[in-house]
Amino acid sequence: MTDTLQSSLESGILTVRLNRPDQMNAFTIEMGEALIEMLDQADANDAVRAIIFTGNGRAFCAGMDLSSDGNVFGLDESVDPNSAEMVKNRDVGGILTLRMFRMKKPLIGAINGASVGVGSTMQLPMDVRIASEKAKFGFVFSQRGVTLESCASWFLPRLVGLPKALEWSYTGKVFGAEEALASGLISEILAPDALLDRAQEIARSFTEGTSAMSVAANRQLLWRMMGAEHPMEAHKIESRTMLHSSMRDGKEGVQSFLEKRSPEFTDKVSDGAPAGFDWDQEPDWS
């Protein structure tokens, strides 16, 4: 981990702060790699039940750091886009959001200020996004002469609908929290000093009294089934996950309900997915 991030774990909630406040938390390849490493560690750690992302200073993330040398997006310009070498020349924001997609823990964005470019696209695989009154958003790529990245062309229309995704992508405009709320990009607007308290309240609602395995499986089921061709695909997988859970935490859940006490769930996410459900599966680059 590098000093581009700060993190703290308390009561099962991992708070991750982008930590380049003097540069408005501008995104670097190093920061992206640190975030991916942090996500790997959090998924393997059963003490982590939910993750909150926010920024130090007045910004969440002002996009890619455009002051770096060479290709500012970290790509090798000598590689032919049509060649097999492209598998090694991937957009680091896309690698990050694909890792977020595979997460087994709820992800909550507490957007404290400006977030444009990758600062906005990295939020898209998060399960909840809430924002300060001072937050701003922007998919500004058309104004920089580049395209969407971080898998935004997949995530964004699923969150806000195709017409709004097209509008924001064509114009590249920067917009405030009110428009983000009206379009469904965020779910709440809060005063700056109330933002993190509310994010922690949401995290606790996901983690207190719930089965970590149930939450993990449900997160993966919902995200992955958005692209399924038929509900039969969901039926096949849910039948397997229901069998697994009903034999483990499900027994405790039922018994604790009958005995009118709090459940003591023990099924560990670190032990792996329910049989027949490959929740880490990812298509090959081809």
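The following refers to the structure shown. (Residues numbered from 1 in each chain as written. Predicted model: local features only at pLDDT ≥ 70, side-chain atom pairs only at ≥ 80, totals over all residues. Heavy atoms only, no water.)

Some details on the sheet that holds strand β6 (residues 114-116)
Read across the sheet, four strands follow the order β4-β6-β8-β9 without closing on themselves; strand pairing throughout is mixed. Strands with a single pairing partner mark the edges of an open sheet, and in this sheet they are β4 (59-61) and β9 (174-176). Averaged over all adjacent pairs, the angle separating strand axes in this sheet is 20 degrees, with direction ignored. Pairing of β4 with β6, which is carried by two bridges, proceeds in the parallel orientation. Looking at the pairing, A59 lines up with A114 of β6. (Pairing = 2+ DSSP bridges. Helix = DSSP H or I, 4+ residues; strand = E, 2+ residues; numbered from the N terminus. Axes fitted to C-alpha atoms, helices over the stretch in contact; angles between N-to-C directions.)

Details of the pattern of salt bridges
Under the criterion given, the structure shown has 16 salt bridges. With a closest N to O distance of 2.8 Å, R198 and E188 form a salt bridge. With a gap of 10 residues between them, R198 in helix α8 (residues 195-207) and E188 in strand β10 (residues 188-190) connect regions that are remote in the sequence. The class for R198 is partly exposed, based on a relative accessible area of 23%. Looking at E188, the relative accessible area reads 23%, which means it is partly exposed. Overlapping salt bridges, with partners in common, bring together D40, D43, R99, K104 and D280 in one network. (Salt bridge = Lys/Arg side-chain N within 4 Å of Asp/Glu carboxyl O. Buried < 20%, exposed > 50% of the residue type's maximum accessible area, 1.4 Å probe, protein only.)

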